[in-house]
Amino acid sequence: KSILVLHGPNLNLLGLREPQHYGNATLDSINQTLTNKAKLANITLESFQSNAEADLVDKIQSIATKSVDFVIINPAAFTHTSVAMRDALSAVKVPFIEVHLSNVFAREAFRHHSYFTDIAVGIISGLGAKGYELALDFAIEKINHS
Ligand code: DQA
């Protein structure tokens, strides 16, 4: 069983970038925590970050020929712009959870719309790095009971 965690643009800067919105944890530490948690559940976890929309679309498309059971995705700024990533997720038909570190609904109006939410299993926004762990707990439970 396997889970793919996707991180969109600028999330490579976590820890340095606007900690009031995004916290102090680095992307590496978040990925490490998730990998350990998945390992305990006998699930393989791959994480992938890119600043490029095309690379994220390619990564999502690659799921079609692999057995990925669940995706956890923080599309970052592409949340609010990317029909292409949305279409890729629809094409591969993999269940996914949308995660945001900050509460996007408490921020600028342009962050209130997401191209992903209506096709996601669910969304976690505003719980910081913990949101990824909660999403992973849910995904593990779903995988183990399906
Ligand atoms: C974000 C929220 C987005 O609006 C923003 O562009 C990001 C990060 C979050 O995790 O809170 O880059 O997805």
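The structure displayed is predicted, hence computed values, not measured ones. (Residues numbered from 1 in each chain as written. Predicted model: local features only at pLDDT ≥ 70, side-chain atom pairs only at ≥ 80, totals over all residues.)

## As for the site of the ligand
And then number 1: As a matter of local geometry, the ligand sits amid Asn10, Asn74, Ala76, Ala77, Thr79, His100, Leu101, Ser102, Val104 and Arg111.
And then number 2: In the shell around the ligand, the residues fall into 4 nonpolar, 5 polar and 1 charged. (Near = placed C-beta within 6 Å. Nonpolar A, V, L, I, M, F, W, Y, C, P; charged D, E, K, R; others polar.)

## Brief notes about the environment of His7
And then number 1: Along the polypeptide, His7 turns up in strand S1 (residues 2–7).
And then number 2: The spatial distance from the C-alpha of His7 to the C-alpha of Ala139 is 17 Å, given a sequence separation of 132 residues.
And then number 3: Among all residues touching His7, those that are not within four sequence positions of it are Leu27, Ser47, Gln49 and Asn74. (Helix = DSSP H or I, 4+ residues; strand = E, 2+ residues; numbered from the N terminus. Contact = placed C-beta atoms within 7 Å.)

## A word on the pairing of S1
And then number 1: For S1, the buried fraction is high: 5 of the 6 residues fall into the buried class.
And then number 2: Here 6 bridges tie S1 to strand S2 (residues 44–49), and the two strands are oriented parallel to one another. In the sheet register, Val5 faces S2, and the bridge partner there is Ser47.
And then number 3: Sheet topology note: the S1/strand S3 (residues 70–74) ladder contains 5 bridges and is parallel. Bridge pairing in S3 links Leu4 to Val71. (Buried ≥ 20, exposed ≤ 12 C-beta atoms within 10 Å, placed from the backbone. Pairing = 2+ DSSP bridges.)

## Side note on the sheet that holds S3
And then number 1: What the 5 strands build is an open sheet, ordered S2-S1-S3-S4-S5; its pairing is parallel. The outermost strands of the open sheet, each flanked by one partner alone, are S2 and strand S5 (122–125). Strand-to-strand twist in this sheet, taken as the mean axis angle between neighbours without regard to direction, amounts to 15°.
And then number 2: Looking at chain direction, S3 and strand S4 (residues 96–100) are connected through 3 bridges and run parallel. The residue bridging Ile73 from the neighbouring strand is Glu98, located in S4.
And then number 3: The sheet strands contacting helix H5 (residues 130–144) are S1, S3, S4 and S5, and the helix crosses S3 at an angle near 165°. (Axes fitted to C-alpha atoms, helices over the stretch in contact; angles between N-to-C directions.)

## Some points on the UniProt feature "active site" (unreviewed entry) in the protein chain
And then number 1: Under the present numbering, the feature "active site" (unreviewed entry) in UniProt falls on Tyr22 and His100. The annotated residues occupy 79 residues of the chain but converge on a single region, no pair of C-alpha atoms lying more than 8.9 Å apart.
And then number 2: Structurally, the position occupied by Tyr22 is in helix H1 (residues 19–22).
And then number 3: By C-beta crowding, Tyr22 is classed as buried, having 20 other C-beta atoms within 10 Å.
And then number 4: Discounting residues that sit within four places of it in the chain, Tyr22 has contacts with Leu14, Arg17, Leu101 and Ser102. (UniProt positions renumbered as here; feature names shortened; annotations may be inferred.)

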